[in-house]
Amino acid sequence: MRVAGLILSGSTKDNLDKLTLKRTSAAVPVFGKYRAIDFTLSNMVNSGITNVGVFTQYNPRSLMDHLGSGKEWNLDRKRGGLFILQPFISPQSHKMYYEGTADALFQNLTYLRRSYEDFVLIGSGDHIYNMDFRSLFKYHVKNGADVTLLTKTAEEGTNFSQYGQVITDENNRITQIYEKDSKYRSSKIFLGVYFINKAFLLEMLYANVPNGKFDLLKDIIIPNLSRMRVFSYEFDGYWKNIKKSVEDYYNINMDILKEEVRNELFYLPERKIYTKLKDSAPPKINVNAEVSNSFISDGCIINGIVRNSVLSRDVYIGAGSVIEDCIILQGSYLEEGSIIRKTIIDKNVRIRSGKKLEGIGNEINVIEKGAVL
Amino acid sequence: MRVLAIILAGGQGTRLGVITNNLAKPAVPFGGKYRMIDFTLSNCVNSNINTVGVVTQYMPHRLVEHLGIGKPWDLDIKGGGLHILPPYLSRSGTSWYQGTADAVYQNIEFIERYKPDFVLLLSGDHVYKMDYNDIIDYHIEKDADGTIACMEVPVSEAHRFGIMVTDPFNRIIEFQEKPKEPKGTLASLGIYVFKWNFLKDALIRDAKDNTSEHDFGKNIIPKSLKENHMLYAFNFEGYWRDVGTIESYMDCNLEIISSLPPLDLHDESWKIYTQSEELPPAFIAKGASVVKSFVSEGSEIYGTVENSVIFQGVTISKGTYVKDSIIMNNVFIGKNSYIEKTVIAENTVIGDSVEIGKGKFAESKIDKKIYNSDITVIGFNSKIKDQMIIGKNCVIDNEVDLKDYDVEEIKSGEGILK
């Protein structure tokens, strides 16, 4: 089946505080050596998609640096491959940004028209899951659907006002979607992944975007549910959206300390998660160090105590330091005797010796990239 | 000035026992995620030498797979890059490489294509960091025909090396290949720089000489000295190891993981590049204990690890204790086992309640030349059944299956060879 992949890489509308001051949410580091976009990108590639467009507009530098030519995902190809789709000025439009999902697609119609694929899978760069989309493709075709939306039964404690709640009939055809409604309507939530017939999508875009309908879900799909064949495809694996809050970001990272989450995300031989590889030496745990219940990336040197934490590449932990319930991103250097609890330390931070940092109660500290404390 | 590097990677490495039965020595895993040849290759690219020929012969599959098109070393480039040079047949009747000199001789045509001024001749199985520009600059300064990197070795070790005698200006006046009675302690490191014109001429003449063994140490170097050519010794003062025996393999690995390693793999300014695998970071579980060790990505540690190198994708289950050992890629070790002073090769499965490396040293009944330390070696893809007891200085062959056991215990110095 010929499917083109499209990934939305985040906007100013995220809740990640200092973590997205200098990067878009798709480029947020996660689980030590990955960036959020690695999951959707790898899922697409593992599902046989070889033509992927990534929409960027907000703080794209670190994302572009990460993606490069697409080599790490086997997307450095002659046919298809990786395309970065940035907003641009042209004689027709001086608008240097995308107003919404549909507008982003509309501004890149040439790319869509030129790709030879018949279907389009639209995903988001800040979702963490490992999924083979191929059964979704089959399901879509079998239903003769115009659009298939990926859905999931919400977990306990889900804040429904942050999701679209989906009502379906007995055939799983979607009859109603309550987008970001604080009232409980249905336990089925929309995961932000669309599968659409390309010809149908192009038609919808031409008909709606010039009339100011810029959002694919709100302005185009929801108002036309009765006229379109929109189906829901249920995903029952691990799925998280990283940009909802700093607390969610923290909890998702900590989830990797659970065996079942590690197994589902990383140990399926057919569905590996690819990322930009670096050549750091294996982690070194020295004499007098103590590491427990932690995820440790290449290049780390540990001389202190590390508990319940996720360490990115090239992190240095000085002797006598105690690191508990922390997420420490790449290249950060913690001198001797630092005591850090429940804290997210962004990249290249230097913590002076003897420094004590603790989140108060349930609060999570975030230390900005490059800070020296 | 154009420099081309030739890496001799055909070595059989017989003294590594079962480890090199199915594997060229340069492809032997080292240091948690590397293979031996990564050091020489990374030295080349870190020295800005981007045209590299790798001469292969013995068991090249894994090596060639590792090298690929040279991508991890940025050697997938136009106008140079990485070239694999296997022996080949042609109308003029070339064949298996007869010796190190013959291996280069048979590739003269390849070298000529790049019209180098200098050829750097290297080995694929040494562990060291070296900026080759230093030796090349020295070679140019001396206007030498050939320059050999060397270092002082203990008298007791001298018989294993090519030993040089030099004049006060470092010009080599005598060269002894693996001498029984060494005249000095200045040992060749197997790193040579030659003027290409000089080397080509020497190789062509050597090829025509029926009495020659076509070896650099045995033939080319002594003959050049006899003919009064200008050969110089370049003193290397850094860390350099020829990992030739099981004992030195173990020692060198453990040296590199020490707190203040003589060769620092975490040094950002001289990275060692390798074919990295797509694996998540290492997981160290609650209740696990890891001290003085490397634990590579994709590994999961539930037990205790001490003074050991754990390669990628290794699982060490609960209650298991691993000490002073090298555990290569994708090894699975079951529960409540005890492993001491053991090298476990890739893809091996060790059962529950297994004990390896216990007891007292005993001389090997298998091959005293290869297995002569208290280190036990478990081969590739083997299985060790539950409750098995294996002593010191034992060897389990590659591909040993559960049905190959007829004993419950393998005493020190014994083993299973298929």
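Rules used throughout
- Residues numbered from 1 in each chain as written.
- Chains lettered and ligands numbered in written order.
- Predicted model: local features only at pLDDT ≥ 70, side-chain atom pairs only at ≥ 80, totals over all residues.
- Heavy atoms only, no water.
- Helix = DSSP H or I, 4+ residues; strand = E, 2+ residues; numbered from the N terminus.
- Buried < 20%, exposed > 50% of the residue type's maximum accessible area, 1.4 Å probe, protein only.
- Contact = heavy atoms within 4.5 Å.
- Areas by Shrake-Rupley, 256 points an atom, 1.4 Å probe, with all protein chains shown as cover.
- Lys, Arg positive; Asp, Glu negative; His and termini not counted.
- Charge placed at Lys NZ, Arg CZ, Asp CG, Glu CD.
- Disulfide = S-S within 2.5 Å.
- Pairing = 2+ DSSP bridges.
- Domains from an automatic or database assignment.
- Buried area = accessible area lost by both parts, 1.4 Å probe.
- Salt bridge = Lys/Arg side-chain N within 4 Å of Asp/Glu carboxyl O.
- Nonpolar A, V, L, I, M, F, W, Y, C, P; charged D, E, K, R; others polar.
- Arc of directions from axis to C-beta.
- Polar contact = N/O pair within 3.5 Å; in protein donor to acceptor, adjacent residues only side chain to side chain.
- UniProt positions renumbered as here; feature names shortened; annotations may be inferred.

So, about the overall build of chain B. Within chain B one finds eight helices and 33 strands. Over its C-alpha atoms, taken along the principal directions, chain B stretches across nearly 65 × 50 × 45 Å. Sorting the 418 residues of chain B into buried and exposed places 59% on the buried side. A sequence separation of at least 24 residues applies to 57% of the contacts in chain B between residues at least 6 apart. Accessible surface, chain B: about 16,900 Å² in total, of which carbon and sulfur atoms supply 48%. Each charge class in chain B can be summarised by its mean position, and for the 44 positive and 57 negative side chains these summaries are 2 Å apart.

Glancing now at the state of the cysteines. In this structure the tally under the stated criterion is zero disulfides over all chains. Its sulfur unpaired, B:Cys252 is 18 Å from the next cysteine sulfur, which belongs to B:Cys44.

All names here are of chain B. Spatial strand order, 15-18-21-24-27-30-32: seven strands in an open sheet with parallel pairing. Of all strands in the sheet, those with a lone pairing partner are strand 15 (289–291) and strand 32 (409–410), marking the two edges. One ladder, built from three bridges, connects strand 21 (residues 321–323) with strand 24 (residues 338–340); its direction is parallel. Its bridge partner being in strand 24, Lys323 is matched across the sheet by Glu340.

What follows covers the domain arrangement of chain B. Residues and elements named next belong to chain B. Looking at the assigned domains, one finds that chain B contains domain 1 (1–254) and domain 2 (281–414). Computed from C-alpha coordinates alone, the two centres of domain 1 and domain 2 are separated by 33 Å. In this complex, domain 1 contributes 22 residues to the contact, which on the side of domain 2 involves 30 residues. Note on domain 1 versus domain 2: buried area summed over both sides is about 2,000 Å², and carbon and sulfur give 67% of it. Considering only the side of domain 1, the residues that lose the most area to domain 2 are Val18, Ile246 and Met250, jointly responsible for 30% of the buried surface there. Scanning the region where domain 1 abuts domain 2 turns up one salt bridge. Looking at the side of domain 1 that touches domain 2, the elements that each hand over two or more residues are strand 2 (29–30), strand 3 (34–35) and helix 8 (246–256). For the side of domain 1 that touches domain 2, the per-class residue count stands at 11 nonpolar, seven polar and four charged.

Once that is clear, we can look at helix 5 (residues 134–143) of chain A. Residues and elements named next belong to chain A. Three or more residues of helix 5 are buried, namely Leu136, Phe137, Tyr139, His140 and Asn143. Down the axis of helix 5, the smallest arc covering the buried residues is 165°, so these residues share one side. Opposite the packed face of helix 5, turned more than 90 degrees from it, sit the exposed residues Lys138 and Lys142. Among the structural elements, strand 1 (3–8), strand 6 (119–124), strand 8 (147–153), strand 11 (188–197) and strand 12 (230–234) are those in contact with the buried residues of helix 5. In the stretch just after helix 5, Gly144 is the one whose phi turns positive, near 60°.

On the chain B side, the residues contacting the 40 residues of chain A number 40 residues. Area buried by chain A at its contact with chain B is led by A:Asp279, A:Pro282 and A:Lys284, which between them contribute 20% of it. Summed over the shared surface of chain A and chain B, the result is three salt bridges. For A:Asp298, the salt bridge identified is with B:Lys33, shortest N-O distance 2.8 Å. In this structure, the connection of chain A to chain B is made through 19 residue pairs in polar contact (both at pLDDT 80 or more). Looking at the side of chain A that touches chain B, the elements with two or more residues in it are helix 9 (259–266), strand 14 (284–285), strand 15 (290–292) and strand 16 (294–296) of chain A. Partitioning the side of chain A that touches chain B into residue classes produces 19 nonpolar, 10 polar and 11 charged. Sheet topology places strand 14 of chain A next to strand 16 (residues 293–295) of chain B; two bridges connect them, and they run antiparallel. If you follow A:Ile285 over to strand 16 of chain B, its bridge partner there is B:Ser293.

Turning our eyes to something else, we now look at the pattern of salt bridges. Scanning the entire structure with this criterion turns up 38 salt bridges over all chains. Across the pair A:Arg262 and B:Glu300 runs a salt bridge whose closest N-O atoms are separated by 2.8 Å. With one member in each of two chains, A:Arg262 in helix 9 and B:Glu300 in strand 17 (residues 300–301) form a pair that bridges those chains. Looking at B:Glu300, the relative accessible area reads 8%, which means it is buried. In this structure, B:Arg35 and B:Glu346 form a salt bridge, with 3.3 Å as the shortest nitrogen-oxygen distance. Linking B:Arg35 in strand 3 with B:Glu346 in the loop between strand 25 (342–344) and strand 26 (349–350), this pair joins segments that are 311 residues apart in sequence.

Further remarks concern the domain arrangement of chain A. Residue and element names in this part refer to chain A. Structurally, chain A comprises domain 1 (1–265) and domain 2 (282–365). Placing the centre of domain 1 and that of domain 2 at their C-alpha centroids yields a distance of 33 Å. With 17 residues of domain 1 in contact, the opposing surface of domain 2 contributes 19 residues. The junction of domain 1 with domain 2 conceals about 1,500 Å² of combined surface from both sides, 69% of it contributed by carbon and sulfur atoms. Here domain 1 is connected to domain 2 by one salt bridge.

Residue and element names in this part refer to chain B. With numbering aligned to this structure, UniProt lists the feature "binding site: alpha-D-glucose 1-phosphate" (unreviewed entry) at Tyr97, Gly162, Glu177, Lys178 and Ser188. Positionally, Tyr97 belongs in the loop between strand 5 (81–85) and helix 3 (100–105). Non-local contacts of Tyr97, meaning those with residues more than four positions away in its chain, are made with Val55, Thr56, Gln57, Leu85, Pro86, Pro87, Asp102, Ala103, Gln106 and Asn107. The exposed category is assigned to Lys178, whose relative accessible area is 55%.

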